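Observations on the three-dimensional arrangement
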Amino acid sequence: MGVPDMDEPSFTDSELDNHVKNALRAAIQGDNGFYNQLVAVIHHKERLVAEEVALLVTCLKAVTGAVSCINIVHHGTLLAAIFGMSLWNYGTDVMDALVELIVSLASSNGEYVDLCLEMLVVNFMPPSAPPAASYFVELLKQPRGLAKKTQVLDRVHSTLKDIANVVPLSPLRLEKIVRDRMPNIYTKEAFIVMYVENMLRLEGGAMGELVGSTILVSLVDRLIELDVEIAWDEILQDDFHKGMFDMELEDFEGHADHIEPDSNELTREALIQRFFCGNLVAEKLDSLMVLTFEHIKSCSESGRLVQVFEILLQSFQKTILTAYKAKFTQFVMFYACSLDPENCGKMFANVLVNIFVSGLNPEWRMSAVAYLASYLARAKFVPISFVAAMLDSVVNWCFLYCKNVDGDINPKSHKVFYAGCQATMYVLCFRMRQMIAVPRLKSQLLLMRIEDILGHPLKPLQVCLPSIVEEFLRLVKVNRVFSLPQSFPDYGLLESEHSRAFGGMERFDMFFPFDPCLLRKCDRYIRPNYVYWSMVRSTYDEDDGEGTSDEDVAEAYGGENGMSIPDDGSGRSYDEDNSDADEFDYSLDKMSITPRDSRFESRIHRFVQMPSKIRPSTSPESL
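Residues numbered from 1 in each chain as written. Predicted model: local features only at pLDDT ≥ 70, side-chain atom pairs only at ≥ 80, totals over all residues. Heavy atoms only, no water.

The name an unreviewed UniProt entry assigns to the protein is RNA polymerase I-specific transcription initiation factor RRN3, from the organism Rehmannia glutinosa. In its Sequence similarities (unreviewed entry) section, UniProt records this for the protein: "Belongs to the RRN3 family." (UniProt positions renumbered as here; feature names shortened; annotations may be inferred.)

As structure tokens, then:
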């Protein structure tokens, strides 16, 4: 057989088809002349002129018709050239011919399925090796770049679906490839974001039932990897080496340039600028969290939220709950719960209670009750009656523990108990006024054995974080609900050695996982359903000499979006029973967190108006 000249094609498409088949057969016998020319055409990497594009399309179609002649051993260079092609480098004619060939290869021989799937997954992103990476980063900022993105990804996903139709088990093989091919945390933001977009597109598509679980778990894993890379320890060493992060995030909507140089006030915007400006890891995490939020929202709109949430909840228990320094990833759970408080919200809280009450690992139990307390305190959408029920479960466990344990203070031996006590006081710092405003819930609160627990010889008031104990005792005095010590001096709680001991090296005594989220883009998803300490603190602050109304408390938890706090199940909302208060003005929102620690009163006297202590939202040290 004479070897045709590929540079000057003078034969018809049908003749080329035959030449390709003959070339493939000849290559097996060692005659590689035309075969090498064919590989060279497909492997050509330089910019193609119109004639070369036409030849490439013709050759791809010819190979498609000859897939039955391809041998994975003898035609390795041809297969490498095919699977090394990137859809991003070609126009739509070449794209269509290439994906048609990929489907034919996958359906012709099981040996090619994984190679075909991997090639398509690689095309989730543009070529990431320099200098192509920089070119595509800039291209994707332009309309033509976005058009190219649509052209490529639509073909990638339709081809994956076509392969699944002819190879029904391919989705099971695809999930491993997607997980293994996921970019690492050091990949450029534009690329990793695009990859996750495609992962979530798969999860929400026809193959979602088969690959969705793996995709969501892999996504949460990557979020955690980014999360723990944000090193709060290095940030805190600067100004917080004295022990506590004492500041108030005033002017929630303010800007950094409004701060006087000598001012101790730090706006949220200034804090973000200081800690995250130029922090590429934080920016990536922020972008990926937003993608995740949007996907969860779409799942809610399509009626799939509970199904997806169950997967996220399993991932939370394995990955987030056990992560030492998770700071932001947990807000995926918070946002999902806010979209379906009745199902997801209650499911989340019940799982946390069960881990605390029945878990085997002490650290995980302490983490679970810290998550529960922070969630019940911060989630505007959680009904106060449900808060009371969850609190009752925690208090009951603590009371039974007291009945079965003798002895004196031992922070290390009884750390789970102290974590439960601290969680109880923390929730009541936020929710006490709501509970006592509903007669049935007030009775339920008074029937809890809180006095017995806090007065037990284990002395939780001397072990738990003094800032929380102080605020709790102040509320007890204001609301006259328990007979407890009214000040720190009564119990000698000006220092917190015991607290540090029960918290351990992980400092679970200072772990409040749903403290305000400082990721800029994520904030707009969380804020409408979130309770800031200043919103609650202002409802019972006596500094102005005025009393507090139940309407103020209802307003703080009422929410701009119409969500309200139901009472005892009568069908009426807490707001309907107590006030016609105006909607809360979010422009006046102020970020603050755990109440101040009296040890630092002398150093933060300028914050008398809003004396809350702030710590970074990190495990174990919380903002």
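The discussion continues.
Moving on to the overall build of the protein. Counting its regular elements, the protein contains 29 helices and 0 strands. Looking at the protein as a whole, 57% of its 623 residues qualify as buried. Partitioning the intrachain contacts of the protein with sequence separation of at least 6 by distance along the chain shows that 76% fall at a separation of at least 24. With an accessible surface of roughly 26100 Å², the protein has 49% of that area assigned to carbon and sulfur atoms. (Helix = DSSP H or I, 4+ residues; strand = E, 2+ residues; numbered from the N terminus. Buried < 20%, exposed > 50% of the residue type's maximum accessible area, 1.4 Å probe, protein only. Contact = heavy atoms within 4.5 Å. Areas by Shrake-Rupley, 256 points an atom, 1.4 Å probe, with all protein chains shown as cover.)

Considered for burial, the residues of helix α2 (residues 33-43) that qualify are Phe34, Tyr35, Leu38, Val39, Val41 and Ile42. On an axial view of α2, the arc spanned by its buried residues comes to 160°, and they lie on one face. (Arc of directions from axis to C-beta.)

Closest axis-to-axis distance for the helix α11 (residues 208-229)/helix α14 (residues 280-301) pair is 9 Å, and the angle between their directions is 150°. Judged by the angle between their axes, α11 and α14 are roughly antiparallel. When the axes of α11 and α14 are compared, the crossing they make is left-handed. Counted together, Leu216, Leu219, Leu223, Leu226, Asp227 and Glu229 of α11 and Val281, Lys284, Leu285, Leu288, Met289, Thr292 and His295 of α14 form the full contact between these two elements. For the contact of α11 with α14, a count of residues per class yields 8 nonpolar, 2 polar and 3 charged. (Axes fitted to C-alpha atoms, helices over the stretch in contact; angles between N-to-C directions. Parallel < 35°, antiparallel > 145°, perpendicular 65-115°, else oblique. Left-handed = near helix turned anticlockwise from the far one by under 90°. Nonpolar A, V, L, I, M, F, W, Y, C, P; charged D, E, K, R; others polar.)

Judged by nonpolar contacts, the single largest core of 200 residues is most densely connected at Ile42, Leu105, Met289, Phe348, Tyr375 and Phe472. If one sorts the elements of this core by residue count, helix α20 (residues 415-437) sits on top with 15 residues. Once you skip the residues sitting within four places of it in the chain, isoleucine 42 turns out to touch Leu56, Leu60, Val63, Leu78, Ala81, Ile82 and Met85. (Core = buried A, V, L, I, M, F, W, Y, C linked by side-chain atoms within 4.5 Å.)

Here the focus is the packing of aromatic side chains. Going through the model one piece at a time under the given rule, you end up with 28 aromatic pairs. Ring plane angle 70° and centroid distance 5.4 Å describe the contact between phenylalanine 334 and phenylalanine 381, whose orientation is recorded as edge-to-face. Placement of phenylalanine 334 in helix α16 (residues 331-339) and of phenylalanine 381 in the loop between α18 (362-378) and α19 (384-404) is noted, with a sequence separation of 47 residues between them. Residue class for phenylalanine 334 comes out buried when judged on its relative accessible area of 1%. Classification of phenylalanine 381 by relative accessible area gives buried; the value is 4%. Their ring planes at 65° and their centres at 5.0 Å tell us that phenylalanine 430 and tryptophan 533 sit as a pair that is edge-to-face. One end of the pair, phenylalanine 430, is in helix α20; the other, tryptophan 533, is in helix α27 (residues 533-540), with 103 residues separating them in the sequence. The buried category is assigned to phenylalanine 430, whose relative accessible area is 2%. Counting every residue linked through ring pairs, the aromatic cluster contains Phe316, Phe331, Phe334, Phe348, Tyr371, Tyr375, Phe381, Phe514, Tyr530 and Tyr532. (Phe/Tyr/Trp six-rings, centres within 6.5 Å; stacked < 30°, edge-to-face > 60°.)

A cluster of nonpolar side chains, contributed by Ile72, Val73 and Leu115, occupies part of the molecular surface with about 240 Å² of accessible area. Checked against the element boundaries, leucine 115 lands in helix α6 (residues 113-122). (Patch = residues over 30% accessible without salt bridge, like charges linked within 9 Å, V, L, I, M, F, W, Y side chains within 5 Å. Salt bridge = Lys/Arg side-chain N within 4 Å of Asp/Glu carboxyl O.)

A cis amide bond links proline 130 with the next residue in sequence, proline 131, at an omega value of 0°. Of note, proline 131 is situated in the loop between α6 and α7 (132-139). One non-glycine residue with positive phi stands out, namely lysine 459, at about 50°. If you trace the backbone, lysine 459 turns up in the loop between α22 (450-454) and α23 (460-463). Despite not being glycine, arginine 480 has its phi angle at roughly 55°, a positive value. Relative to the elements of secondary structure, arginine 480 occurs in the loop between α24 (466-479) and α25 (497-503).

On to the side chain of histidine 75. Tracing the backbone through its elements, the reader meets histidine 75 in the loop between α3 (50-65) and α4 (76-83). At 2.7 Å, the side chain of histidine 75 and the backbone nitrogen of asparagine 71 are in polar contact. Histidine 75 has contacts with Leu24, Ala27, Ile28, Tyr35, Cys69 and Ile70, leaving out every residue within four places of it along the chain. (Polar contact = N/O pair within 3.5 Å; in protein donor to acceptor, adjacent residues only side chain to side chain.)

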